Amino acid sequence: MRASGLGPREAREERHRPGPQRSASGQERVTVTSLPPPPHLLKQRGSYDPPRSPDQLPVVFPRNQTEPNQEPEKPRRPGPSHPMAGLNPAQLGKGNTDYFLTSGDKIRFFFEKGVFDKEGNFLVPPENSINKIGHALHAHDPVFKRITHSPQVQELIKSLGLEVPVVVQSMYIFKQPHFGGEVTPHQDATFLHTKPLGRVLGVWIALEDATLENGCLWFIPGSHTDGISRRMVRVQVGSVGCTNFIGSEQVYEDSHFIPTPIHKGGLILIHGEVVHKSELNRSAHSRHAYTFHLMESKGTHWSQDNWLQPTPELPFPLLYT
């Protein structure tokens, strides 16, 4: 797979130019292109009214749309240890691990840390409590399905040389104002492992401006060449599924990270082994994003102990249509 060499220091917004760009030294840059924002801005309980123009912000809750004969997945009543939504599912309470582990083929809601009191009552407005929605928007929501398989995305991925890419997961991330959670340094391949490595690619679309103040992404340039030092694996403890980390967690110097602020409508490609993070959102502005992960399935083995597994109801769908 040729989708490698992400150098966030050199990231630039390249509108309507989906192919990878190179610097004067020949190093491949972060690919940033322009896509229209999602057109579905729906009125739902706990959501904002639909904006009157595409330039206004998207609604808080995307439609929880399922297949015609499938019951819609509803958010559960939150308890004190309701699952949080960051990229470290090991932080989930044991009683809610199954809610996370069985979310790969569904649309489910995950809450920010610290938004409930000890009795499970909201400490913030409910519409500001969601960290993310995942992990099968690309399959069950018609708008996100259309964006994921859009001609722009397909052209971009083909330009990188991927032959048989499949979509493994998708998320709508809110990064709420004032307390949108920090995402600690990590590599996506820690959670989405393949043999060989180098077969996972993240597609991150900014639905609002991502700035230094509201929690833009930060990367360590060149870190995609160092492999991974640990994995999160799915294990069975008796009749209960859970997750565990194997290997050692690396400590990264803050000075090694380069920020990648990006305007609404921009797109960032994220190599599966590049180290990246985002800071706590302390600003008054949210930082909505839609992101999904692809795997080059040709000649690739998807690790059977990954937390996320294809199901008979939802095998990993082909990207190209």
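Residues numbered from 1 in each chain as written. Predicted model: local features only at pLDDT ≥ 70, side-chain atom pairs only at ≥ 80, totals over all residues. Heavy atoms only, no water.

> Quick question: what am I supposed to make of helix α4 (residues 151–159) here?
Turn by turn, an α-helix covers 3.6 residues, leaving residues three or four places apart pointing in a common direction. For α4, the complete set of buried residues consists of Val-153, Gln-154, Leu-156 and Ile-157. Down the axis of α4, the smallest arc covering the buried residues is 160 degrees, so these residues share one side. (Buried < 20%, exposed > 50% of the residue type's maximum accessible area, 1.4 Å probe, protein only. Helix = DSSP H or I, 4+ residues; strand = E, 2+ residues; numbered from the N terminus. Arc of directions from axis to C-beta.)

> Sorry, what's going on with the side chain of Asp-141 here?
Among the secondary structure elements, Asp-141 is positioned in the loop between α2 (137–140) and α3 (142–148). Looking at Asp-141, the relative accessible area reads 0%, which means it is buried. Looking at Asp-141, its side chain comes within polar contact range of the main-chain nitrogen of Phe-144, at 3.2 Å. (Polar contact = N/O pair within 3.5 Å; in protein donor to acceptor, adjacent residues only side chain to side chain.)

> Is there a simple way to explain the confidence of the model for the chain in this structure?
Low-confidence regions, as indicated by low pLDDT, have predicted coordinates that should not be scrutinised in detail. For the chain, mean pLDDT is 77; residues scoring 70 or higher make up 70% of the total. Note that pLDDT drops below 50 for residues 1–95; the model gives that stretch 243 contacts with residues more than four away or on any other chain. (pLDDT = per-residue confidence, 0-100. Contact = heavy atoms within 4.5 Å.)

> I would appreciate a short explanation of the sheet that holds strand β2 (residues 130–135) in the present structure.
Strand pairing in a sheet takes place through backbone hydrogen bonds and is either antiparallel or parallel in direction. The strand order β1-β2-β3-β13-β6-β11 describes an open sheet built from six strands, whose pairing is antiparallel. Taken across any chain shown, the strands that pair with only one partner, and hence form the sheet edges, are β1 (107–111) and β11 (267–271). Averaged over all neighbouring strand pairs, the angle between strand axes comes to 20 degrees, with direction disregarded. In this sheet, strand β3 (residues 165–173) lies alongside β2 in antiparallel orientation, the contact comprising four bridges. By the bridge assignment, His-135 is partnered in β3 with Ser-170. (Pairing = 2+ DSSP bridges. Axes fitted to C-alpha atoms, helices over the stretch in contact; angles between N-to-C directions.)

> For this particular structure, what's the right way to read empty space enclosed by the protein?
In this structure the tally under the stated criterion is three cavities of 30 Å³ or more. Each pocket or cavity is described by its volume, and for the second largest cavity that value is around 100 Å³. Its residues assigned to classes, the lining of the second largest cavity comprises three nonpolar, six polar and two charged. (1 Å grid on protein atoms, 1.4 Å probe; cavity = no way out; pocket = protein on both sides within 12 Å on 5 of 7 lines; lining within 4 Å. Points joined across faces, edges and corners; volume = space filled by probe spheres on them. Nonpolar A, V, L, I, M, F, W, Y, C, P; charged D, E, K, R; others polar.)

> So what exactly am I meant to see when it comes to the side chain of Thr-291 here?
Looking at where Thr-291 falls in the secondary structure, it is placed in strand β13 (residues 289–296). Taking relative accessible area as the criterion, Thr-291 reaches 4% and is therefore assigned buried. Separated by 3.0 Å, the side chain of Thr-291 and the backbone oxygen of Val-203 make a polar contact. In this structure Thr-291 touches Ser-170, Met-171, Ile-173, Val-203 and Trp-204, once residues within four positions along its chain are discounted.

> When you look at the pairing of β13 in this model, what are you seeing that I'm missing?
On a regular strand, each side chain points to the face opposite its neighbour's, so the side chains alternate between the two faces of the sheet. Along β13, eight of the eight residues are buried, which leaves the element largely enclosed by surrounding structure. Residues Ala-289, Thr-291, His-293 and Met-295 point to one face of β13 and Tyr-290, Phe-292, Leu-294 and Glu-296 to the other, with burial holding for every one of them. Sheet analysis places strand β6 (residues 200–206) next to β13, joined by seven bridges and oriented antiparallel. Counterpart to Ala-206 in the pairing with β13 is Ala-289.

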